[in-house]
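Letter by letter, the chains look like this.
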Amino acid sequence: MMRIGYGEDIHRLESGGPLRLFGIDIPANVHTLAHSDGDCAYHAIADAILGALSLRDIGYYFPDNEEETAGMDSEIILRKVLEMMEEEGYMINNIDVLVTLERPRLSPYMDECINHLAEVLGITTSRVAIKAMTNEGLGAIGEGLAIRVVANVLLEEVFDE
Ligand code: MG
């Protein structure tokens with residue numbers, strides 16, 4: 001049994017770095033405006049996993065209007081969702097993530113992002129894809145006012161021997 005999931009997140013950007021993405025503080029002159037640490041990559045990935053499991057979304061489990069989640073490290077959210085996935089008897093087959101951001105360029109940090117994400121997800125880097133693109137100057141993302149991340153994940157049922 002395989003299950004596919006899709007997650008998407010968008011955050012406004014404000015002046016002052018660093019930019020928190022994939023659990024890494026990327027040198028930048030912008031950061032995301034958010035209730036938690038604003039790691040929209042982790043939010044999109046967590047939502048993709050929940051979607052694959054038909055378990056609603058991260059807003060359901062981690063409301064953005066509660067004191068408990070204020071400034072929260074989003075890696076805690078992702079790890080909790082991974083626990084839920086394991087309880088349901090699934091593992092990640094592979095994940096494909098696309099970041100749309102005008103600046104900074106993510107290429108210098110891509111290896112670090114891929115390695116760290118693979119480690120958190122407990123899979124090899126050959127099962128992790130992270131891509132980045134600009135929005136060609138179009139719309140709010142193109143003006144550098146926002147960042148969007150979309151994630152697709154394929155889950156595979158774990159069979160006990
Ligand atoms: Mg978010």
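For the structure given in this document, a descriptive report is provided here.

1. A short note on helix α4 (residues 110-121)
Part 1 of the argument: Between its first and last C-alpha, α4 extends 16 Å over 12 residues, near the 16 Å set by a 1.5 Å rise per residue.
Part 2 of the argument: Buried within α4 we find Met-110, Cys-113, Ile-114, His-116, Leu-117, Ala-118, Val-120 and Leu-121.
Part 3 of the argument: Of the surrounding elements, those touching the buried residues of α4 are β2 (19-21), β3 (24-26), α1 (40-52), α3 (74-87), β5 (90-100) and β6 (128-133).
Part 4 of the argument: In the stretch just after α4, Gly-122 is the one whose phi turns positive, near 70 degrees.

2. So, the coordination of the magnesium ion
Part 1 of the argument: Looking at the magnesium ion, one finds its protein donor set to be Asp-9 (OD), His-11 (NE2) and His-43 (ND1), positioned 2.0 to 2.2 Å from the metal centre.
Part 2 of the argument: Each donor residue of the magnesium ion lies on one chain, and together they are spaced D-x1-H-x31-H. Highlighted residues: Asp-9 in strand β1 (residues 2-15) and His-43 in helix α1, separated in sequence by 34 residues. This pair shows no difference in class: Asp-9 is buried, exactly as His-43 is.

3. Some remarks on the pairing of β1
Each regular strand shows side chains that alternate between the opposite faces of the sheet.
Part 1 of the argument: Inspection of the sheet shows β1 paired to strand β7 (residues 146-157) by 11 bridges, in the antiparallel sense. Within β7, the residue paired with Tyr-6 across the bridge is Asn-152.
Part 2 of the argument: Strand direction decides the pairing type here: β1 and strand β4 (residues 30-32), joined by three bridges, are antiparallel. Each bridged residue has a counterpart across the sheet, and for Glu-14 the counterpart in β4 is His-31.

4. Concerning the nonpolar core
The nonpolar side chains of soluble globular proteins are, as a tendency, buried together.
Part 1 of the argument: With 50 residues, the main nonpolar core has Leu-21, Phe-22, Ile-45, Ile-49, Leu-78 and Leu-117 as its most contacted residues.
Part 2 of the argument: Every element with two or more residues in this core is listed here: β2, β3, α1, α3, β5, α4, β6 and β7.
Part 3 of the argument: Ranked by residues supplied to this core, first place goes to α1 with 10 residues.
Part 4 of the argument: Those residues in contact with Phe-22 that lie beyond four places of it in its chain are Asp-39, Ala-41, Tyr-42, Ile-45, Val-97, Val-99, Cys-113, His-116, Leu-117 and Ile-130.

Parameters at a glance
Residues numbered from 1 in each chain as written. Predicted model: local features only at pLDDT ≥ 70, side-chain atom pairs only at ≥ 80, totals over all residues. Heavy atoms only, no water. Helix = DSSP H or I, 4+ residues; strand = E, 2+ residues; numbered from the N terminus. Expected span 1.5 Å × (residues − 1). Buried < 20%, exposed > 50% of the residue type's maximum accessible area, 1.4 Å probe, protein only. Contact = heavy atoms within 4.5 Å. Donors = N, O, S within 2.8 Å, 3.2 Å for Na, K, Ca; no water. Pairing = 2+ DSSP bridges. Core = buried A, V, L, I, M, F, W, Y, C linked by side-chain atoms within 4.5 Å.

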